[in-house]
Amino acid sequence: MFRIEQESHGILITNPRAYAAFTTVFFGGRRTRHAAAVAAAGGVRAGERALDVASGPGTLAFALADRVGPAGEVLGIDAAREMVDYARARTGHRTNCRFEQGVAQSLDLPDSAFDVVTCTFAMHHIPEDDRARALAQMWRVLRPGGRILLADMAPVGIHGRVTRLLSRHMDPAEIDIRRYRNTLQEIGFGEIAYRVITPSTGVLTAVKPG
């Protein structure tokens, strides 16, 4: 099992190889296809700039890079140095994708710099008292008209049952991404929508008016 460490700014996964192996098994060898579906759900288009918060081993960031193409740019940030180093080593030929260390609730990035911000399977890793601040930071770095995408396991299907088993010491509401609807609305986001994509992944999207 992958190693989890508790830090002041949240829960870190610090052995990326084990985590990557776990997600490969969990998604039945279709992790790359799943990441592509998540990127598509965010409406990411060629030439756009995308930020992946808590980017982990880089799987979603690479899917985003494929969608934005050579004229676009993807930045992945993760609080765990080990994840950043691992993702950088996997970047390969992708010149439109890079990774830096950082935390969601204190993004060292300029205002209105991105067309899309994603944060998947990670909101429950951020201390509860810091989550609204993290979402406000995502709002800040989005340009007017930009989109946010949050995702986590949905409590449906076999993957949902496995997730509930693995997180049996956690309140099931922690991983229900729908819990952030009101917070997004309070921050100022509109066009808030929820959908489930295969396998058992709840996706919450919203738009920054502008």
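Residues numbered from 1 in each chain as written. Predicted model: local features only at pLDDT ≥ 70, side-chain atom pairs only at ≥ 80, totals over all residues. Heavy atoms only, no water.

**Quick look at the environment of proline 110**
Put simply, the test is: Each helix is a run of H or I in the DSSP string that is no shorter than four residues. Each strand is a run of E no shorter than two, and both are numbered from the N terminus. Contact between two residues is taken to exist if any of their heavy atoms lie within 4.5 Å; hydrogens are not considered.
Within the secondary structure, proline 110 is located in the loop between strand 5 (97–101) and strand 6 (114–120). Not counting residues within four places of it along the chain, the set of residues in contact with proline 110 comprises Arg140 and Val141.

**As for the sheet that holds strand 5**
Just so we agree on the cut-off: Only when DSSP finds a minimum of two bridges between them are two strands counted as paired. Between the N-to-C directions of two axes lies an angle of 0 to 180 degrees, each axis being a line fitted to C-alpha atoms and, for a helix, fitted only over the stretch in contact.
Read across the sheet, seven strands follow the order 5-4-3-6-7-9-8 without closing on themselves; strand pairing throughout is mixed. In this open sheet, the two edge strands, each paired with only one partner strand, are strand 5 and strand 8 (190–197). Taken over all neighbouring pairs, the strand axes of this sheet differ in orientation by 20 degrees on average, direction set aside. The sheet strands contacting helix 5 (residues 131–141) are strand 3 (49–53), strand 6 and strand 7 (142–153), and the helix crosses strand 7 at an angle near 145 degrees.

**Remarks on the nonpolar core**
For clarity, the cut-off: By nonpolar core we mean a set of buried residues, namely Ala, Val, Leu, Ile, Met, Phe, Trp, Tyr and Cys, connected to one another through side-chain atoms within 4.5 Å. Relative accessibility thresholds used throughout: buried, under 20% of the residue-type maximum; exposed, over 50%; partly exposed, between the two (1.4 Å probe, protein chains only).
Judged by nonpolar contacts, the single largest core of 27 residues is most densely connected at Leu51, Met123, Met138, Ile148 and Leu150. Contributions of two or more residues to this core are made by strand 3, strand 4 (73–78), strand 6, helix 5, strand 7 and strand 9 (201–207). Per element, the largest residue contribution to this core is four residues, and it comes from helix 5. When neighbours within four sequence positions are excluded, methionine 123 is seen to be in contact with Arg131, Leu135, Met138, Leu150, Ile177 and Tyr180. If you look at the next biggest cluster of nonpolar residues, it comprises 23 residues, including Val38, Val74, Ala87 and Val116.

**Topic: helix 4 (residues 81–90)**
Quick note on the threshold: Throughout, the arc means that of the directions going from the helix axis to the C-beta atoms.
For helix 4, the complete set of buried residues consists of Met83, Val84, Tyr86 and Ala87. Mapping the buried residues of helix 4 onto a view down its axis gives an arc of 165 degrees, with all of them on the same face.

**Some details on the pattern of salt bridges**
Applicable threshold: Salt bridges are counted wherever a side-chain nitrogen of Lys or Arg sits within 4 Å of a carboxyl oxygen of Asp or Glu.
Within the structure shown, the criterion is met by twelve salt bridges. Residue arginine 49 pairs with glutamate 73 through a salt bridge whose shortest N-O separation is 3.1 Å. With arginine 49 in strand 3 and glutamate 73 in strand 4, the pair connects residues that are 24 residues apart, well separated along the chain.

**Here we look at the side chain of threonine 59**
Mapped onto the fold, threonine 59 is located in helix 3 (residues 59–68). By relative accessible area, which is 14% here, threonine 59 ends up buried. For threonine 59, the residues in contact, after removing those within four places along its chain, are Arg31, Thr32, Ala35 and Arg90.

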